[in-house]
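The primary structure of each chain is shown beneath.
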Amino acid sequence: MSYGRYRDWLEEAVDDLEAARRLFEHGMWSKVCFFSHQAAEKALKALCIKKLGRYVQTRSVARLLGELSGVLNLPQELAERARRLDRHYVPTRYPNAWPELPPHKHYSRGDAEEALSSASEVVELARREVEGDP
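Residues numbered from 1 in each chain as written. Predicted model: local features only at pLDDT ≥ 70, side-chain atom pairs only at ≥ 80, totals over all residues. Heavy atoms only, no water.

A. How the structure looks around the overall build of the chain. If you tally the helices and strands in the chain, you get five helices and zero strands. For the chain, the sequential pattern of α-helices and β-strands runs α-α-α-α-α. The globule rule puts the C-alpha radius of gyration for 134 residues at 14 Å, and the 15 Å found for the chain is close to it. Judged by the C-alpha coordinates and their principal axes, the chain covers about 45 × 30 × 25 Å. (Helix = DSSP H or I, 4+ residues; strand = E, 2+ residues; numbered from the N terminus. Rg over C-alpha atoms; globule rule 2.2 N^0.38 Å.)

Structure, rendered in structure tokens:
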């Protein structure tokens, strides 16, 4: 793992967030939720590499925030939003995560709005922290 590549992780997070926004325009709610999770995860991995000097092997946005809580002043409500984002990692993609129907039929515009808002907050936090540090 090249620890100098945290900016690549952040750039990929920004790209995933843009994908989520475009998918939102097309009403693809489950995909918005998945890409929102991905954006937040990658943004926080960038921060872990930058601030902690290590890559944290997890898919949990909440755990990544927890890892960073010792070095960043994080809003309390962000932890709850991270936990809600974590719910979108598996069931947005796999039909067998649900008792019936494909994943995309289980998600609503409200789910997508919440996920996109949370991911936007996380990505913006990561941007500020990376840009604020030489």
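So, next bit.
B. Structural detail: the nonpolar core. Ranked by internal contacts, the top residues of the largest apolar core, which has 37 residues, are Val32, Ala43, Leu44 and Leu47. If near-sequence neighbours (up to four positions away) are discounted, Val32 is found in contact with Ala20, Leu23, Phe24, Ala112 and Leu116. (Core = buried A, V, L, I, M, F, W, Y, C linked by side-chain atoms within 4.5 Å. Buried < 20%, exposed > 50% of the residue type's maximum accessible area, 1.4 Å probe, protein only. Contact = heavy atoms within 4.5 Å.)

C. A look at the packing of aromatic side chains. If you walk through the whole model with that rule in mind, you get four aromatic pairs. Measuring from ring centre to ring centre gives 5.6 Å for Trp9 and Tyr55, while their planes differ by 45°; the resulting arrangement is tilted. Within this pair, whereas Trp9 is found in helix 1 (residues 6-25), its partner Tyr55 is found in the loop between helix 2 (29-52) and helix 3 (61-68), the two being separated by 46 residues in sequence. Over the aromatic face of Tyr89 sits the side chain of Arg93, whose NZ or CZ is 4.5 Å from the ring centroid. (Phe/Tyr/Trp six-rings, centres within 6.5 Å; stacked < 30°, edge-to-face > 60°. Lys NZ or Arg CZ within 6 Å of the ring centre and 35° of its normal.)

D. A look at the environment of Val123. Within the element layout of this structure, Val123 appears in helix 5 (residues 109-132). For Val123, a relative accessible area of 2% gives the class buried. In sequence terms Val123 and Ala40 are 83 residues apart; their C-alpha atoms lie 6.0 Å from each other. Those residues in contact with Val123 that sit more than four places away from it in its chain are Leu10, Ala13, Val14, Leu17, Ala39 and Ala43.

E. Molecular detail of helix 4 (residues 76-86). Restricting attention to buried positions, one finds in helix 4 the residues Leu78, Arg81, Ala82 and Leu85. One face of helix 4 carries all of its buried residues, which in axial projection span an arc of 105°. Across from the buried face of helix 4, at angles greater than 90 degrees, the exposed residues are Gln76 and Glu77. Structurally, helix 4 contributes buried residues whose contacts are with helix 2, helix 3 and helix 5. (Arc of directions from axis to C-beta.)

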